[in-house]
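# Observations on the model geometry
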Amino acid sequence: MFLFSKLFWIVAQPLSLAFLAGLLGTACTAARRQRVAFLFLGTALTILFVTLYTSAGTVALQRLEAHVQRPEQDPAQVGCMVVLGGAFETEVTTIRGGTDLNQAADRFVEALRLALKFPQSRILVSGGDGSFSGTYEGDAAAARRFFTQFGISADRLTSEAASRTTFENVINSSRLLVDPASPRCLLITSAFHMPRSLALFRKAGIDLTPWPTDYRTSGNATLRLDLTQPTLNAQQTATAMREWIGLLAYYLTGRTASLLP
């Protein structure tokens, strides 16, 4: 399933779909199948236009971010935190060491803030090597360096370094959580990723308090033309599409009880 999902996403992401449609259109043109060629080339141009020059991806991502709200104030106490990986540039850190973070860095910045505020809390970091090669260290390894560099005792850290997908995050983490409900245990991940993660944990019978972070949208985006930032628009669309596909796939395969928790 892991390899299938990786291969599927290579093909299913918006720019890949546009390329494949364009390639098929070109082939049909060479074969003098003009009507079919027009259909494929029109599809390619439509995907490119929507992906690059509209806010459709941002609106779709915003819908996910708005589904699970984070409380306005910190809880009175925090007993543990489950932090899902995906925030370290593990290809870089494996070779260079250090703690190079990517766009999802807020997952660990927020966990660090809460760890300093609640010194009795424990931290479970779930994240292994999700690459095809399997030759890189996972977030769990990089996170241990990250937290200890800021004075967090290694005794407070639990590393789950085998998972490669969100589903594996949940299955593997559930074996390490003795009593996640008492005292309060937070689930920390990106806001757009929270609905899928929360749905999986609930399906597994684990009730964590959602603590979304790493927001990618302002919260008031509307569908419109946006010619100023095609690269960002493409990134937002790809992120939203991947997450919505993941939600649908997990629901259809019975891994979650509903499309959205």
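Here, the structure is the one placed above.
Just so it is clear, the structure is predicted and the values come from calculations on it, not from any experiment. (Residues numbered from 1 in each chain as written. Predicted model: local features only at pLDDT ≥ 70, side-chain atom pairs only at ≥ 80, totals over all residues. Heavy atoms only, no water.)

### A short note on the pattern of salt bridges
On inspection of all chains with the given rule, the structure shows 8 salt bridges. Two residues, R113 and D74, come together in a salt bridge whose shortest N-O distance is 2.9 Å. Of the two residues, R113 is situated in helix α6 (residues 106-117) and D74 in the loop between α4 (56-67) and β1 (80-84); the sequence distance between them amounts to 39 residues. By relative accessible area, which is 23% here, D74 ends up partly exposed. The partner of E243 in a salt bridge is R196, with the nearest N and O atoms 2.7 Å apart. Of this pair, E243 sits in helix α10 (residues 230-252) while R196 is found in helix α9 (residues 194-203), placing the two residues 47 residues apart along the sequence. The buried category is assigned to E243, whose relative accessible area is 3%. Via salt bridges that share partners, R70, D74, E110, R113 and K117 belong to a single interconnected network. (Salt bridge = Lys/Arg side-chain N within 4 Å of Asp/Glu carboxyl O. Helix = DSSP H or I, 4+ residues; strand = E, 2+ residues; numbered from the N terminus. Buried < 20%, exposed > 50% of the residue type's maximum accessible area, 1.4 Å probe, protein only.)

### Let's talk about the environment of G127
You can see G127 is positioned in the loop between β2 (122-126) and α7 (139-149). Judged by relative accessible area, which is 6%, G127 ranks as buried. Separated by 24 residues in sequence, G127 and Q103 have C-alpha atoms that sit 16 Å apart. Once residues within four sequence positions are removed from consideration, G127 is found in contact with G85, G138, D139, A140, E160, A161, S163 and N169. (Contact = heavy atoms within 4.5 Å.)

### A closer look at the layout of surface pockets
A water-sized probe rolled over the atoms picks out the places where empty space is left. There is about 1,700 Å³ of room inside the largest pocket. Around the largest pocket sit 50 residues that line it, and K6, R164, T165, R196 and R242 are the ones nearest its centre. Contributions of two or more residues to the lining of the largest pocket are made by α1 (2-12), α5 (90-96), α8 (166-174) and α10. Among the elements that take part in the lining of the largest pocket, α10 stands out by supplying 9 residues, more than any other. Grouping the amino acids of the lining of the largest pocket by side-chain chemistry returns 15 nonpolar, 21 polar and 14 charged. (1 Å grid on protein atoms, 1.4 Å probe; cavity = no way out; pocket = protein on both sides within 12 Å on 5 of 7 lines; lining within 4 Å. Points joined across faces, edges and corners; volume = space filled by probe spheres on them. Nonpolar A, V, L, I, M, F, W, Y, C, P; charged D, E, K, R; others polar.)

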